[in-house]
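# Fold and contact review
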Amino acid sequence: MSTALMSSTTHGANRLEPIRVMVVDDSVVIRGMISRWIDAEPDMKVAASLRTGLDAVNQIERINPDVAVLDIEMPELDGISALPQLLAKKRDLIIIMASTLTRRNAEISFKALSLGASDYIPKPESTREATAADIFHHDLIQKIRHLGAKVRRTAAASPPLAPAQERPQPVAKAAPVAAPLVKRQFGLTAPRALVIGSSTGGPQALMSLVTEIGPVIDRFPVLITQHMPPTFTTILAEHLARSSRRPAAEAVDGEVVKPGRIYLAPGGRHMKVVRHGTDTVIALDDGPPVNFCKPAVDPLFTSAIDVWQGGTLAVILTGMGSDGMRGGKDIVAAGGSVIAQDEATSVVWGMPGAAANAGICAAILPLNQIAPKLVQLFSGVRS
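A quick note: this is a predicted structure, and the numbers were derived from the prediction, not measured.

So, about the overall build of the chain. Assigned secondary structure in the chain consists of 14 helices and 14 strands. Sorting the 383 residues of the chain into buried and exposed places 50% on the buried side. By sequence separation, contacts in the chain at least 24 residues apart represent 74% of the contacts at least 6 residues apart. Accessible surface, the chain: about 17,700 Å² in total, of which carbon and sulfur atoms supply 54%.

Rendered as structure tokens:
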């Protein structure tokens, strides 16, 4: 990035109120590391660095943070116990749960999401592992930035008034009008498989969605890629099975894809589908991250075309970044269709927004309208 552009970008970020972040972790090493990362960003700052959940609950009103990075395991008051107390005192607080990658912590993280946490992030086992620390650094900053975006937009919309003598004279100016999103017709081919991609906010959205699409699951293959690490995807599959009341599990390399069950990409591996004789089988790929993600949505979407061609129907749910957009373009080019979750019901309108703005969606719907539309489309109704 050029010096001029960097200066312009930094200046633009500084015009907005920085995102105030409260770091809560009993490890002084982790607190210090996260605090340095945050303070290095022009659009965020550390509002407080605290050792326990009890400190956070007692000081939340004085600190008034926009985002809290909350460790799970802490003395005096752990993260899952502090969570509801923090939200009771500041309802719009964005809480990102942080924990080491164990089954117990994954289960607690899912419970935290149901109690109002916005997201979770796995901490590396050791900060001495450079690659793991780099991924943790990248993911944490992106989550703080994107989840705090609404806070920044609100602050930017209400700048403090300058003294009267310094205020510029008003100039008549037309309000900017957002270009309408272009939508396309649904494909002419009847859908034969449902592929879904999601990221931030995805677990809650997925559990809501699968609860209502039983008739689709019973008759057609359903494959899901959710940006998640190992262990977390194991727990997510169990939650999806309970919510849908259908079999759901992490996909296994080489297994035959059939209607009646949900296949979830396992953490750390891309999930694709391939033809094997007359069968469709799972092909797990241990290649490099795609769109900074592993598993990624694009490999699933693109591989589905080779199997189901124009009979592929894709849904892109809430999430950061643009994963799924390129694969969605390929699906549409092959005669299939894409549905995106709308901005109002998305935790982050990155992935669905990228697809919507690319003009590849046949529908852009609130989460609660996606399931009825899927049931309708898989029942043979085209509209």
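A few words now on the pairing of strand S4 (residues 94-100). S4 sits mainly inside the fold: six of its seven residues count as buried. Crossover strand S3 (residues 67-71) to S4 through helix H4 (residues 79-89) is right-handed. Here S4 pairs with strand S5 (residues 119-123) via five bridges, running parallel. Bridging across to S5, Met 97 finds its partner in Tyr 120. At this point the chain moves from S4, through helix H5 (residues 103-114), to the parallel S5, and the crossover so formed is right-handed.

This brings us to the nonpolar core. Counting residues in hydrophobic clusters, the biggest one holds 64 residues, and the most contacted among them are Met 22, Leu 86, Ile 95, Leu 194, Ile 339 and Leu 374. With six residues, the top contributor of residues to this core is helix H14 (residues 367-378). Every residue in contact with Leu 86, bar those within four places of it in the chain, is listed here: Met 22, Ala 56, Val 57, Ile 60, Leu 70, Leu 93 and Ile 95. Counting residues in hydrophobic clusters, the runner-up holds 30 residues, among them Val 257, Val 297, Ile 316 and Val 332.

Pairing is parallel across the open sheet formed by five strands, whose spatial order is S2-S1-S3-S4-S5. Of all the strands in the sheet, the pair left with one neighbour each is strand S2 (44-50) and S5. Here the strands of the sheet are splayed against their neighbours by 25 degrees on average, with no regard to which way each runs. Contacting strand S1 (19-24), S2, S3 and S5, helix H2 (residues 28-39) crosses the sheet at an angle of about 165 degrees to S2.

Glancing now at H4. Spacing of three or four residues puts side chains on the same side of an α-helix, whose turn is 3.6 residues. Of all the positions in H4, only Gly 79, Ile 80, Ala 82, Leu 83, Leu 86 and Leu 87 are classed as buried. Seen end-on, H4 carries its buried residues on one side only, within an arc spanning 145 degrees. Check the buried side of H4 and you find it contacts S1, helix H3 (53-63), S3, S4 and H5.

Moving on to helix H12 (residues 325-333). Among the residues of H12, Met 325, Gly 327, Gly 328, Ile 331 and Val 332 are the ones counted as buried. Seen along its axis, H12 keeps its buried residues to an arc of 155 degrees; they face one direction. Check the buried side of H12 and you find it contacts strand S6 (193-198), helix H11 (297-308), strand S12 (312-316), strand S13 (337-341) and helix H13 (351-357). Immediately beyond the C-terminal end of H12, within one or two residues, lies Gly 335, with a positive phi of roughly 100 degrees.

Turning next to the packing of aromatic side chains. For any pair of aromatic rings, the description rests on two quantities: the centre-to-centre distance and the angle between the ring planes. One pass over the structure, following the stated rule, counts four aromatic pairs. Taking 5.6 Å as the distance between ring centres and 70 degrees as the angle between the ring planes, the aromatic pair formed by Trp 37 and Phe 136 counts as edge-to-face. Of the two residues, Trp 37 is situated in helix H2 and Phe 136 in helix H6 (residues 130-147); the sequence distance between them amounts to 99 residues. Comparing Trp 37 with Phe 136, the two get one shared label, buried. The interplanar angle of 55 degrees and the centroid separation of 4.8 Å between the aromatic rings of Phe 220 and Phe 378 together place this pair among those described as tilted. Remark: Phe 378 occurs in helix H14 and Phe 220 occurs in the loop between helix H9 (214-219) and strand S7 (222-226); sequence separation between them is 158 residues. An aromatic cluster is built from Phe 110, Tyr 120 and Phe 232, whose rings are joined through pairwise contacts. In this arrangement the basic side chain of Lys 143 is found over the ring face of Tyr 120, its NZ or CZ atom lying 5.5 Å from the centre. One Lys or Arg, Arg 261, reaches over the ring of Tyr 263 and ends 5.5 Å from the middle of that ring.

About the criteria used
- Counting restarts for each chain, with residues numbered from 1 along the sequence as it is written.
- Reporting in this predicted model follows two pLDDT cut-offs: at least 70 for local features of residues, and 80 or more for side-chain atom pairs to be given and counted; totals over whole chains, interfaces and linings ignore these cut-offs and use all residues.
- Hydrogen atoms and water are omitted, and side-chain values are computed over all heavy atoms in the structure.
- Under the DSSP-based scheme used, a helix requires at least four consecutive residues in state H or I and a strand at least two consecutive residues in state E, with every element numbered from the N terminus.
- Each residue gets one of three labels from its accessible area relative to the maximum for its type: buried under 20%, exposed over 50%, partly exposed in between, using a 1.4 Å probe on protein chains only.
- A contact between two residues is defined here by any heavy atoms of the two lying within 4.5 Å.
- Note that accessible areas follow from Shrake-Rupley with a 1.4 Å probe, and for residues the cover is restricted to the protein chains shown.
- With the strands aimed away from the viewer, a crossover counts as right-handed if its path from the first strand over the helix to the second runs clockwise.
- For two strands to count as paired, DSSP must find a minimum of two bridges between them.
- To form a nonpolar core, buried Ala, Val, Leu, Ile, Met, Phe, Trp, Tyr and Cys residues must be joined to one another through side-chain atoms within 4.5 Å.
- Simply put, an axis is a line fit to the C-alpha atoms, just over the touching stretch for a helix, and the angle between two N-to-C directions goes from 0 to 180 degrees.
- Our arc is simply the arc of the directions from the helix axis toward the C-beta atoms.
- Two aromatic rings from Phe, Tyr or Trp, using only the six-membered ring of Trp, form a pair when their centres are within 6.5 Å; if the ring planes differ by under 30 degrees the pair is stacked, by over 60 it is edge-to-face, and anything between is tilted.
- Two conditions define a charge located above a ring, namely a distance within 6 Å from the ring centre to NZ of Lys or CZ of Arg, and an angle within 35 degrees of the ring normal.

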